[in-house]
Each structure stands twice: as C-alpha cells, then as structure tokens.
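Chain and residue survey
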Amino acid sequence: MSKLVLVTGGAGYIGSHTLVALQEAGFDAVVIDNLCNSSEVALQRVETITGKPVRFYRGGVGDRVLLDQIFAENAICAVIHFAGLKAVGESSQKPLEYYQNNVAGSLVLLEAMRASGVKRLVFSSSATVYGSEAPVPYVETLQTGSTSNPYGTSKWMVEQVLRDAANADPELSIALLRYFNPVGAHPSGLIGEDPQGIPNNLLPYIAQVAVGKREELSVFGGDYPTPDGTCLRDYLHVVDLALGHVRALEWLADHTGAEAFNLGTGQGTSVLEIVRAFERASGESIPFQVAPRRAGDLPAFWADASRAARELGWVASLGLDEMMADTWRWQSENPHGYRAVDEEG
C-alpha cells in the first residue's frame, strides 16, 4: 500500500515540521503550497534534515486542475490539510478572502479527493472553534460554533463540511485536530516560524525583539483575572504538534467517520511567564510595555488533551524550556528567517 501523503500548505510553519515527522515515521510526502506565507527554502531544509526528497507543486488548493494533476501523478494514500489563512485580526478585515481560501478551497480539495478515491484526511483545525463562552479546559464534546472572528468561523465551517461528508460516505476517515498555541522550532535550527511582516503571535515577536529587529514587546492587557494579570494560553511545541499529525494519520487506517482531537499540553502559561522563560533561554533582556487589551482576547484557555492520549497514543513531551531554547536557536541563526536565503538565491 502507498505511504505517500499530500500535505497542503506544507512549506509553512507547522507543515514543514510535519513533513519531517512524516518522513521520519516512514511516510513520503508531496507538497502543494502557494507560498503566500511560506518559503520554498523550508522544503529544501526539510530535505537536509531527513535526507529524503519532497515533491513540490506551487499553487493553491482552490486550483482544481492542479489538484487533479497531483492526484494523477502520485499514488496518494491520504491528505494532511494545512493550507489556510490564519491571522485572527486580519480575518476580521478580510472576511471574504478567509472564507474563499479556507472554506471554498477545502471544498475543492474534497472534490478532488473524491474524484481520485482518496478517503483519508487530517484537517488542521483550531481551538478557536470552541468560541468565547466555552468553559476551560476545552474538551472535544463541548458545543462549537460560537466563534468570535472569521478565521475561527472558517475552521468551524470546514469541520461541519467534513462531518457531513463523512456521514454521507461511510468510507471516509477524517481527524479534526484542534490546536492551541504552537511555538518552538526544529532542534536543528534549520526550520522554524517565519511570519511575513509584523508577527501576529507572541513568541515570534519576542524572538524578533531579542535579535534587535523590534524595539519592545507590547503585552496586551495586564489586568486579566489571572495570577499575574496577563493572558494564559496552552503553548505546545511544534515538534510535538507535528507528531500528533503522524499519530492521527496512523489512527485513520483503522477508523471511519470524522472525529475531533485537542492537541495541547493541558496547562496554561501566562504572557509574562513566556517572556521570563525566553530571557532565561536566550540570555537576552526583553523590554516590554503593558498596552490596552485587544478586542476578542480571552483571559485564559487550555486543552483537555486526554482523548488524544487515549485514542491516538499522543502526549506532548517537550516543555517550556525546550520551546524557548529551540525558538532562540532558530531565530538567532536565522535573524531574517528564510528571506535572506531567498534574496541570495
């Protein structure tokens, strides 16, 4: 049986780390990515880490002709679907782009999978599907859909589409992986998070302050009902997250239907705890100021990841120190991310 997996958005942050985990687990990979928020350099570095080739097609999942070509040219056994726009704030300014890319693009991918007889899919979802009113810790049985931004709504909509598709086709096998806050980088320092423009996420911003790209960190809100007044989040090492996709892919072989799994550590860490941990790992001081709260930010949320442990055999094993050390190694060795290599090349 084929062990060739199509990874959509495979040149991105989580996608590139998942490629490494897939190849180390004995799978081969084909990637489709439009490079709107990623770099082909990441794929070259994955090949350096694993010593195995990655076949790359440049384009988007909304391109049915290209998808049909990929399925015709490769004996694909399953799909891991990362390709999607992911900035919460931007999604409120560009909702149509988010629904077009994330929802309509997923429909085109599903149609191409159906036409080629591919029945297994791991979907990159998000903890945002739980919405602002959900009690913590989040468990998969909570009602979803009370989302607070178009990004979260787009993930929830695709989950509904996938559940309906699985109900209609008893051979479909789908894992909906709900992430919390992925951070860190591969321990080699070769691949990591490389946001375009101003980072939307906390840790890349801290790392850019540490290498002198940005003057100081803004901590949005210091008066939340948390131990130190800053938001609590469930930070998860991207290497652990990547392994979660491999475990989900293996789980699909013996299951049908669409099932959701939380991937997180099961504990919250505050913004200030992250800052202090990064200072310890890097030896650099991180200047920051407390700024007003951002609209839509929740005081605290974290995962109940016991279902993933029970059914997928997956548990997060890397702690805060590894998350910070690996982020610092990546950022200090690649202060301009992949772009310096792109420009030289």
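Below is a summary of the structure that appears in this document. (Residues numbered from 1 in each chain as written. Predicted model: local features only at pLDDT ≥ 70, side-chain atom pairs only at ≥ 80, totals over all residues. Heavy atoms only, no water.)

Check the secondary structure of the protein and you find twelve helices and 13 strands. Relative to the 2.2 N^0.38 estimate, which gives 20 Å for 345 residues, the radius of gyration of the protein is 19 Å and therefore close to what a compact globule would have. Here the C-alpha coordinates of the protein stretch approximately 55 × 50 × 40 Å along the principal axes. Counting over 345 residues, the protein shows a buried share of 52%. (Helix = DSSP H or I, 4+ residues; strand = E, 2+ residues; numbered from the N terminus. Rg over C-alpha atoms; globule rule 2.2 N^0.38 Å. Buried < 20%, exposed > 50% of the residue type's maximum accessible area, 1.4 Å probe, protein only.)

As a further point, take helix α7 (residues 202–210). In terms of residue burial, α7 counts as a mostly covered element, since seven of its nine residues are buried. Where the residues of α7 are buried, they touch β7 (181–183), β8 (217–220), α9 (271–282) and α11 (320–333). Once α7 finishes, G212 follows within two positions and takes phi at roughly 85 degrees, a positive value. (Contact = heavy atoms within 4.5 Å.)

Moving on, we come to the nonpolar core. Membership of the largest hydrophobic core comes to 45 residues, with the highest contact counts inside it found for V5, V7, L19, L22, L177 and L249. Tallying contributions element by element places helix α8 (residues 238–252) first for this core, with eight residues. Judged by nonpolar contacts, the second largest core, of 30 residues, contains I70, V118, A258 and A260. (Core = buried A, V, L, I, M, F, W, Y, C linked by side-chain atoms within 4.5 Å.)

Bringing α9 into the picture now. Between its first and last C-alpha, α9 extends 16 Å over twelve residues, near the 16 Å set by a 1.5 Å rise per residue. What α9 keeps buried is the set V271, L272, I274, V275, A277, F278, E279 and S282. Along its buried surface, α9 packs onto α7, β8, β10 (235–237), β12 (269–270), β13 (288–291) and α11. G283 sits one or two positions beyond α9 and adopts a positive phi of about 75 degrees. (Expected span 1.5 Å × (residues − 1).)

A word on the sheet that holds strand β5 (residues 120–126). One open sheet holds the seven strands; their spatial order is β3-β2-β1-β4-β5-β6-β11, and the pairing between them is parallel. Here the strands that pair on one side only, and so sit at the sheet edges, are β3 (55–58) and β11 (257–263). Strand-to-strand twist in this sheet, taken as the mean axis angle between neighbours without regard to direction, amounts to 20 degrees. Relative to β3, strand β2 (residues 28–33) is paired through four bridges, and the arrangement is parallel. By the bridge assignment for β3, V30 is matched with R55. (Pairing = 2+ DSSP bridges. Axes fitted to C-alpha atoms, helices over the stretch in contact; angles between N-to-C directions.)

The topology assignment puts H186 in the loop between β7 and α7. Those residues in contact with H186 that sit more than four places away from it in its chain are H17, V20, I49, I191 and V239.

This brings us to the side chain of T18. Within the element layout of this structure, T18 appears in helix α1 (residues 13–24). Note on T18: relative accessible area 0%, which makes it buried. If near-sequence neighbours (up to four positions away) are discounted, T18 is found in contact with I80, F82, A242 and H245.

Moving on to the packing of aromatic side chains. Scanning the entire structure with this criterion turns up seven aromatic pairs. Ring centres of F278 and W328 lie 5.9 Å apart, and the angle between their planes is 90 degrees; on these two criteria the pair is classed as edge-to-face. Within this pair, whereas F278 is found in helix α9, its partner W328 is found in helix α11, the two being separated by 50 residues in sequence. We note that F278, like W328, is buried. The ring of F261 carries the charged tip of R307 above its face, separated from the ring centre by 4.7 Å. (Phe/Tyr/Trp six-rings, centres within 6.5 Å; stacked < 30°, edge-to-face > 60°. Lys NZ or Arg CZ within 6 Å of the ring centre and 35° of its normal.)

A few words on unusual backbone geometry. Cis geometry marks the peptide bond from V136 to P137, where omega comes out at 0 degrees. Mapped onto the secondary structure, P137 falls in the loop between β5 and α6 (150–168). Backbone geometry at L35 places phi at a positive 60 degrees, although glycine is not the residue there. Along the polypeptide, L35 turns up in the loop between β2 and α2 (40–50).

Keep in mind these values describe shape, not function.
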